Amino acid sequence: MSARTQYLAVILTAALAVTGCRRTRVEPPEAAADRRMRELQSRVAEFIAQGVTNSAILALEAALWNDDIAVHRAGILRGALGFRLESGDADGARQLFLSVVERDPHTAQQAFGVIEFYLIRDDDGAALAAWCEELLSREALGGLRERLWGLLIETHRKAADGEALLGAYERCLAGLPEDAALRVTGASFDGMLDAGQSDMLRAALDLIEKRRGTVPGFAGAIVLARVRLALKEERLDEAADLATAAAGRIGDGDQAAALDLTARAAGDAGRRDLIDRMCGGAVEAHPAASRSFEVAARRWVDAAVAAGELDAARERVASLLQRAPPVSLPLDILQAFVYPALEKGTPEGRRAMLELCDALRATSERPYDRMQAATFTLDACFMNADFDKALAVLRDGIPQRNEAWHRMLIIKVKAHKALNDGRVEDAIGLFREFMNEAAASDDELMDPTTKERVPLGAVLGLNAARIGDLWKSIGRLEEARAAYDEARAHYRGALEKLTPGTEQHGAVRREMEAVPGQPAGPSGGESGK
């Protein structure tokens, strides 16, 4: 079988792929249609194998209007068109297609992709444009009009024929509904941007703006295209001015996209000033529930975080809360830097972060948001040694946490408060009570700094070592020695349950090795466990 014969067989299989698809129960007429279609396919395949393509085409065209297999008419037409085009008979394919348009426009629309494929494959822009123009004049092909206008405009764009392109735009705007015309023209903007056809794009945008510039959808597409063009040509300030000036003239989605595109580019270029001017202004200008507000808020805070100005980032989040947006937005933004701000901030900054987290907790309505805000608040309380506030938060209750969890955390906070107040023996008793609660808990134990699961033995070992340090600090050396021995036993139990060589196994081993053999020094570990 020659390569050409093999290729025609592929065309037949693809065009008539529906044949044989029904494997479940079907009505007798459909079963009969499938059987006759298989017979036709077999006959056409035989003609192809013999090299008589014309006979295959005639067989398909003869069957085209056979009502017994009308359900397969689109596949038959696709096969006949494919054979004619592959044989170089473009005029015959044209005549066949137009004859079907007159009798069955729906079938013609289903098969047009075959013509489109061949003309695009052969890069025959002139032929494709001619086809589009002829078919656009046929009222029966109304369902293809958007696709045809898109092909015609894209053909002129690829040919860099600016005059023909603008003429096609004029007729497209007049001949299509607003939403369809917007899709077609918007796609062509993308094509010109990607191809670097800047001058042609500017002319196209000027024309569309003159004809449809007051229609919100078109206005948004024009602004976005102008912003993208300015960014591509590295005119950042112009892009920012375009995005800012568009406020109120374009839809919220397009406005948000323009702000986001420009802010990203400004961040990549190190233009913090541009982000602050553009996004800071947008935060004030747009409704708090809008997408534009959200995008501007995120970029505005991100700019401060990227610059290492964590206090400024916190202040920006606090100002967002004053605008009364959904609390989930500032809470979500805060997640990216709350812990670095607590760890690296000044005492005043840490206190301000605690107040902000608590304000978010107080105003959150969704249970998940309240849980997140309360978690941030608790961690901020520990960083600020504000154990009274931590107890108040726990007594208010945290959504999605059970009674046993609350009881265990309250004991832990009380232990740290006693230690902070200098009540060492009370702290020892409370840490021991916390260990008992932890040992009896069915809940997963978490490291408050890494948020990873922690083996119970590691938690008990750390707290036993802490108790040993406290006994040592008041000169009770025998009690300290016993507590250190207990800590090592707990750590050994934890290590038996961990996989050697893992990061967590190594961390637990290092904590165990830091426990003094004799009460001569403090043990290591995180005070939050």
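Everything numeric here is computed off the predicted structure, so don't read it as measured data.

What counts and what doesn't
Residues numbered from 1 in each chain as written. Predicted model: local features only at pLDDT ≥ 70, side-chain atom pairs only at ≥ 80, totals over all residues. Heavy atoms only, no water. Helix = DSSP H or I, 4+ residues; strand = E, 2+ residues; numbered from the N terminus. Expected span 1.5 Å × (residues − 1). Buried < 20%, exposed > 50% of the residue type's maximum accessible area, 1.4 Å probe, protein only. Contact = heavy atoms within 4.5 Å. Core = buried A, V, L, I, M, F, W, Y, C linked by side-chain atoms within 4.5 Å. Phe/Tyr/Trp six-rings, centres within 6.5 Å; stacked < 30°, edge-to-face > 60°. Lys NZ or Arg CZ within 6 Å of the ring centre and 35° of its normal. Polar contact = N/O pair within 3.5 Å; in protein donor to acceptor, adjacent residues only side chain to side chain. Disulfide = S-S within 2.5 Å. Salt bridge = Lys/Arg side-chain N within 4 Å of Asp/Glu carboxyl O. Axes fitted to C-alpha atoms, helices over the stretch in contact; angles between N-to-C directions. Parallel < 35°, antiparallel > 145°, perpendicular 65-115°, else oblique. Left-handed = near helix turned anticlockwise from the far one by under 90°. pLDDT = per-residue confidence, 0-100. Nonpolar A, V, L, I, M, F, W, Y, C, P; charged D, E, K, R; others polar.

Looking now at helix 14 (residues 252–268). In this model, helix 14 (17 residues) spans 24 Å end to end at C-alpha, consistent with the 24 Å of a helix rising 1.5 Å per residue. Turning to helix 14, its buried residues are Gln-255, Ala-256, Ala-258, Leu-259, Asp-260, Thr-262, Ala-263 and Ala-266. Taken together, the buried residues of helix 14 touch helix 12 (216–232), helix 13 (236–245), helix 15 (272–285) and helix 16 (291–306). Among the residues trailing helix 14, Gly-270 stands out with phi positive, at a value near 70°.

Let us look at the nonpolar core. Within the largest apolar cluster, 68 residues are counted, with the highest numbers of intra-cluster contacts made by Leu-320, Leu-334, Phe-337, Met-353, Leu-360, Leu-394 and Ile-398. The contact partners of Leu-360, leaving out residues within four places of it in the chain, are Leu-321, Val-327, Pro-330, Leu-331, Leu-334 and Ala-373. Of all hydrophobic cores here, the second largest spans 67 residues; its members include Leu-85, Val-100, Leu-128 and Leu-151.

Glancing now at the packing of aromatic side chains. Counted according to the given criterion, the structure contains five aromatic pairs. With centroids separated by 5.3 Å and ring planes inclined at 85°, the aromatic side chains of Phe-117 and Tyr-118 adopt a geometry described as edge-to-face. The rings of Phe-97, Phe-112 and Trp-131 are connected pair by pair, giving a single aromatic cluster. In this arrangement the basic side chain of Arg-103 is found over the ring face of Trp-65, its NZ or CZ atom lying 3.9 Å from the centre. Above the face of the Trp-405 ring, Arg-401 is positioned so that its terminal group lies 4.9 Å from the ring centre.

Looking at where Ser-364 falls in the secondary structure, it is placed in the loop between helix 20 (347–363) and helix 21 (367–383). Residue classification places Ser-364 among the buried residues on the basis of a relative accessible area of 7%. Among the polar contacts made by the side chain of Ser-364, one reaches the main-chain carbonyl oxygen of Leu-360 at a distance of 2.6 Å. Contact partners of Ser-364, with chain neighbours within four places excluded, come to Val-327, Asp-369, Arg-370 and Ala-373.

What follows deals with unusual backbone geometry. One can expect most non-glycine residues to show negative phi and most peptide bonds to be in trans. Backbone geometry at Asp-123 places phi at a positive 55°, although glycine is not the residue there. Tracing the backbone through its elements, the reader meets Asp-123 in the loop between helix 6 (105–121) and helix 7 (125–136). Using a relative accessible area of 58% as the deciding quantity, one classes Asp-123 as exposed. With a phi close to 60°, Glu-234 is a non-glycine residue in the positive phi region.

Bringing the state of the cysteines into the picture now. Cysteine pairs can be covalently joined through their sulfur atoms, and such a bond is termed a disulfide. Considering all chains together, one arrives at zero disulfides under this definition. Not part of a disulfide, Cys-172 finds its nearest cysteine sulfur in Cys-132, a span of 12 Å. Cys-381 takes part in no disulfide bond, and the closest cysteine sulfur, belonging to Cys-357, lies 8.9 Å away.

Look at helix 21: 24 Å from first C-alpha to last across 17 residues, which is about the 24 Å you get at 1.5 Å a residue. Most of helix 21 is tucked away: twelve of the 17 residues are buried. What helix 21 keeps buried is the set Asp-369, Met-371, Gln-372, Ala-373, Ala-374, Thr-375, Phe-376, Thr-377, Leu-378, Asp-379, Ala-380 and Cys-381. The inward-facing, buried residues of helix 21 abut helix 18 (328–335), helix 19 (338–344), helix 20, helix 22 (387–396) and helix 23 (403–420). Residue Ala-385 follows helix 21 closely and has a positive phi angle near 55°.

Take the pattern of salt bridges next. Opposite charge on two side chains lets them pair, provided their charged atoms get close. In total, this model carries 55 salt bridges according to the counting rule given. The partner of Arg-138 in a salt bridge is Glu-102, and the shortest N-O contact between them spans 2.6 Å. Here Arg-138, found in the loop between helix 7 and helix 8 (145–158), pairs with Glu-102, found in helix 5 (residues 90–103); they are 36 residues apart in sequence, far enough to count as distant. The class of Glu-102 is exposed, set by a relative accessible area of 56%. For Arg-271, the salt bridge identified is with Asp-273, shortest N-O distance 3.0 Å. Since its relative accessible area comes to 22%, Arg-271 is described here as partly exposed. One salt-bridge network, in which partners are shared between bridges, spans Asp-91, Arg-94, Glu-102, Glu-134 and Arg-138.

The geometry of helix 23 relative to helix 24 (residues 424–440) is characterised by a closest axis approach of 8 Å and an angle of 160° between their N-to-C directions. With respect to helix 24, the axis of helix 23 lies roughly antiparallel. As helix 23 runs across helix 24, the sense of the crossing is left-handed. Facing Arg-407, Met-408, Ile-411, Lys-412, Lys-414, Ala-415, His-416, Ala-418 and Leu-419 of helix 23, the residues of helix 24 in contact are Asp-426, Ala-427, Leu-430, Phe-431, Glu-433, Phe-434, Glu-437 and Ala-438.

This paragraph deals with the confidence of the model for the protein. Of the residues in the protein, 90% have a pLDDT of 70 or more, and the chain-wide mean is 89. Within the model, pLDDT remains below 50 along residues 519–529, and this stretch shows 40 contacts once partners closer than five positions in the same chain are excluded.

Along the chain, the position of Leu-119 falls in helix 6. Since its relative accessible area comes to 10%, Leu-119 is described here as buried.

To describe two helices that pack against each other, one gives the angle between their axes and the distance between the axes. Axis separation between helix 4 (residues 73–86) and helix 5 bottoms out at 7 Å; the angle between their running directions is 160°. Our classification of the angle between helix 4 and helix 5 gives roughly antiparallel. In terms of crossing hand, the pair formed by helix 4 and helix 5 is left-handed. Contacts between helix 4 and helix 5 pair Leu-77, Ala-80, Leu-81, Arg-84 and Leu-85 from the former with Ala-90, Gly-92, Ala-93, Leu-96, Phe-97 and Val-100 from the latter. The class makeup of the residues in the contact of helix 4 with helix 5 is nine nonpolar, one polar and one charged.

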